[in-house]
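Coordinate analysis (summary)
Chain by chain, the residues:
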Amino acid sequence: SAVISQKPSRDICQRGTSLTIQCQVDSQVTMMFWYRQQPGQSLTLIATANQGSEATYESGFVIDKFPISRPNLTFSTLTVSNMSPEDSSIYLCSVVTGVNQPQHFGDGTRLSIL
Amino acid sequence: QQQVKQSPQSLIVQKGGISIINCAYENTAFDYFPWYQQFPGKGPALLIAIRPDVSEKKEGRFTISFNKSAKQFSLHIMDSQPGDSATYFCAALLNSGYALNFGKGTSLLVTP
């Protein structure tokens with residue numbers, strides 16, 4: 001399966017600041033996704049990162065808060081903007097390598113907001 | 001709205017025992033049902049998956065049982081080991097999509 005690298009692995013940020021999380025895959029993939037996992041909770045899809053076009057956001061998530069880029073088939077970024085303590089979560093990148101292929105996850109970015 | 005309901009929330013099993021985690025869904029358009037295993041500090045890792053055209057799939061000590069009419073599926077871990085202690089998530093995927101719908105997770109502890 002594809003090797004997925006996320007940076008940073010963790011960070012502690014101040015309220016009101018923004019952080020950009022990177023997701024790099026070692027091979028071209030069909031789909032890339034961003035999920036949020038709040039402490040002790042399940043995974044919630046934030047958006048699908050579309051290559052060369054605007055991301056597709058799930059209900060409850062907006063582009064102004066979580067801008068996403070995907071400039072090519074191996075790389076995507078998620079920015080968490082104007083952070084508040086409620087944004088403290090694990091943010092996970094996942095990929096699908098092709099049709100009828102399973103979804104694989106990176107190890108996530110653990111974000112704490114003070 | 002949780003489209004996949006998972007139980008129990010937590011589970012303690014003795015080493016060598018059988019761990020059973022259950023999931024149920026409503027949307028009959030789901031056609032792919034994976035299980036993920038997550039260790040602390042790591043992302044979810046695909047463990048085993050099944051499609052509704054079979055009733056059971058086995059990979060080593062891990063078995064998925066699938067009941068299409070009841071819209072239920074379960075994960076059985078045979079001969080459970082302390083190294084199996086992790087959080088397990090069931091999920092479901094629509095036949096036309098890529099976005100996984102996750103259950104709330106089961107925290108499994110296997111005691112020595």
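Our subject is the structure listed above.
Owing to the predicted nature of the structure, the values given are computational and were not obtained by experimental measurement. (Residues numbered from 1 in each chain as written. Chains lettered and ligands numbered in written order. Predicted model: local features only at pLDDT ≥ 70, side-chain atom pairs only at ≥ 80, totals over all residues. Heavy atoms only, no water.)

1. Comments concerning the sheet that holds strand 7 (residues 62-67) of chain B
Residue and element names in this part refer to chain B. With respect to topology, 5 strands assemble into an open sheet ordered 1-3-8-7-6, the strand pairing being antiparallel. Every other strand in the sheet has two partners, leaving strand 1 (4-7) and strand 6 (56-59) as the edge strands with one partner each. On average, each strand axis in the sheet is inclined to that of its neighbour by 15°, with strand direction left out of account. Judged from the 6 bridges that link them, strand 3 (residues 19-25) and strand 8 (residues 72-77) form a sheet pairing that is antiparallel. Within strand 8, the position partnered with Ile-20 by the bridge is His-76. (Pairing = 2+ DSSP bridges. Helix = DSSP H or I, 4+ residues; strand = E, 2+ residues; numbered from the N terminus. Axes fitted to C-alpha atoms, helices over the stretch in contact; angles between N-to-C directions.)

2. A few points about the sheet that holds strand 1 (residues 4-7) of chain A
Residue and element names in this part refer to chain A. With antiparallel pairing, the 4 strands of this open sheet are ordered in space as 1-3-8-7. Each of the sheet's edge strands pairs with one partner strand only, and the pair in question is strand 1 and strand 7 (68-72). Across the sheet, the mean angle separating the axes of adjacent strands is 15° when strand polarity is ignored. Taken together, the 4 bridges between strand 1 and strand 3 (residues 19-25) define a ladder with antiparallel strand orientation. If you follow Gln-6 over to strand 3, its bridge partner there is Cys-23.

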